[in-house]
Each structure stands twice: as structure tokens, then as C-alpha cells.
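# Fold and geometry: a report
Given next are the chains, with one letter for each unit.
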Amino acid sequence: MSTAREIHILNTPAELFRAAAEQFAALAKAAIEARGRFSVALSGGSTPRSLYALLASGSIPAVPWDKIYFFFGDERDVPPDDPESNFRMASEALLSKAPIPPGNIFRVHTEIKDAPAAALEYEQTTRAFFGLKPGEFPRFDLIFLGMGPDGHTASLFPDTAGLRETKRLVIANWVEKFHSYRISLTLPVLNHAAYVMFLVSGPDKAATIRQVLEAGPADFPSAQVHPSDGRLIWLLDSAAAAGLSGKN
Ligand code: 6PG
């Protein structure tokens, strides 16, 4: 059963991050009450840094950090202390600031300097955490995603092999324009989540948001994310939503 897509437009980036933080807290509370833990995959890039800082600030409803388990939707093929590392960004903004047990943080071990091997290891870690049998996919309680101006999400870029992956959970996706690998969760994993939240801010995304959410084409990577049995929420600020007709 695929549920409808929800689009929420907030006036400012600050309101966008607060809405996302409050939703995170509500989802975490519900999952922990129901199943004793909350699994979340963090997105990278620059947009979510403010959200992660807000989560660490203590100004949102308190969450039991010791029952929250952090994964990454994708990672650059750089060491974890590299300025480009998504782990480093999330660690600086949240993971090293909130009382999160180190054993609750699952980062991609890019220091092994072999992206396919790092992807395979991360897939095995994910399988173990979720207790998966062969052929099963994990059901993250929440996956945060961003979107690039080219419509990519996680590290699933247009015209890359990673978009066609249907069996693996985690892949090393070669991205020609960066002449490098990116490690990424695959579309089947994104589409098995209980809750996917896109967080998109800024005028540079407006044209692509209009195409992904209204005008098409449907083959933008971000347009291929629609959980088969979960909720899909697009949280946009007014600048990113400027091109929408409002008829969604
Ligand atoms: C990454 C992200 C990527 C990101 C988009 C948007 O590793 O870069 O996971 O998918 O969400 O590129 O990035 P910005 O938020 O920096 O615009």
C-alpha cells in the first residue's frame, strides 16, 4: 500500500528546521514507545546541519537518545575527519553534542579506502542491526533525505548505475561528474522505510522541486522515492517551493 505524498511549505529555513526537529522527536517517541528503539538514517550535504544543531540544542521535545540508532543515507569516499565527510558534519552538529552512546552510531568506514568494500561492510552492519534474512530489506523508522539541483538524493545521481540497483542495500556508486565513488543506500531501502522526510531549502532548488513534484519527468532520482508502505513528506521552505503551483 503506497500512501500519498505530503508537501509542507514553511516560510523560512528556521521554521523548516523546527518543523523537521519536532517531527523527528514525535516519530522517535512513538517508535520507542512501540518497539523500544528508533532507527534513523541521516542525510548529508549542507542543508541538514542546522537541523542537527537544533536537535542537539535541547530546544525541542526531549528524546531518549540512548534508544535512537543513527545510520547514514550516504557518504562521500573520504576519511571520516575530512571536511567533505557527512559523518564529520553530523558529528560536529549533533552526534558529538547530544548524549548518544557511541554504539548507537553506525558510520561508513571509508578509512578502508576501498569504496565497494566499505559499502559491503555497511550493508552487513545494516543487515545485522535489523536481523535481516537474505533478500530482506531494512525498514528504517525514518530516513532524512536532501535533494540536489540535479534531482539526486542520497548519492543516487541521474544516469548512475546505483539507480538501477534492486538487490543490494548499500552500494558504491561511481559518480562521473565527481570522478569518485559515493556510498549510498539504494532505492529499495529508501522505499522500504516507514517514513521518508525530504528537507529542501533555498531558491537554487525551486526549478527542480517543481519538476520533481509537479512537472516531471518522473525519472529524477528524488521522484523515484515513494515508500511502498510508509509515509513520504516533503518539507520545503518558501524559496524552494517558489515554483510550485500549489495544486499538490
Ligand atoms: C550528500 C547528500 C546529498 C544532499 C544533496 C543536497 O552527500 O551531499 O546526502 O544527497 O542531500 O546533495 O545537498 P545540500 O543540502 O548541500 O544542498
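For the structure, check the block above.
Below or above, wherever it landed, is the structure these notes cover.

What counts and how
Residues numbered from 1 in each chain as written. Predicted model: local features only at pLDDT ≥ 70, side-chain atom pairs only at ≥ 80, totals over all residues. Heavy atoms only, no water. Near = heavy atom within 4 Å. Areas by Shrake-Rupley, 256 points an atom, 1.4 Å probe, with all protein chains shown as cover. Nonpolar A, V, L, I, M, F, W, Y, C, P; charged D, E, K, R; others polar. Pairing = 2+ DSSP bridges. Helix = DSSP H or I, 4+ residues; strand = E, 2+ residues; numbered from the N terminus. Axes fitted to C-alpha atoms, helices over the stretch in contact; angles between N-to-C directions. Buried < 20%, exposed > 50% of the residue type's maximum accessible area, 1.4 Å probe, protein only. Right-handed = clockwise from strand over helix to strand, strands pointing away.

Let us look at the site of the ligand. Around the ligand, the surrounding shell holds 15 residues, and the nearest of these are S46, T47, D74, H152 and A154. Burial of the ligand by the protein chains amounts to 88% of its free accessible area of 410 Å². Of the residues contributing to the shell around the ligand, the split by class is two nonpolar, nine polar and four charged.

Take the sheet that holds strand β3 (residues 68-72) next. Here we have six strands laid out as an open sheet, ordered β1-β9-β8-β5-β2-β3, and parallel in their pairing. Where the open sheet ends on each side, the last strands, each with one partner, are β1 (5-10) and β3. The mean angle between the axes of side-by-side strands here comes to 20°, regardless of whether they run parallel or antiparallel. Pairing between strand β2 (residues 38-42) and β3: five bridges, direction parallel. The partner of A41 across the bridge, within β3, is F71.

Within strand β8 (residues 195-200), six of the six residues are buried, which leaves it mostly tucked inside the rest of the structure. Residues Y195, M197 and L199 of β8 are buried on one face, and the alternating residues V196, F198 and V200, pointing to the opposite face, are buried as well. Both strand β5 (residues 142-145) and β8 contribute to a ladder of three bridges, which runs parallel. Counterpart to F144 in the pairing with β8 is M197. Bridge count between β8 and strand β9 (residues 231-237): six bridges; the pairing is parallel. Note that in β9 the partner of V200 across the bridge is L236. Where the polypeptide runs from β8 across helix α6 (residues 206-215) and back to β9, its parallel neighbour, the crossover connection is right-handed.

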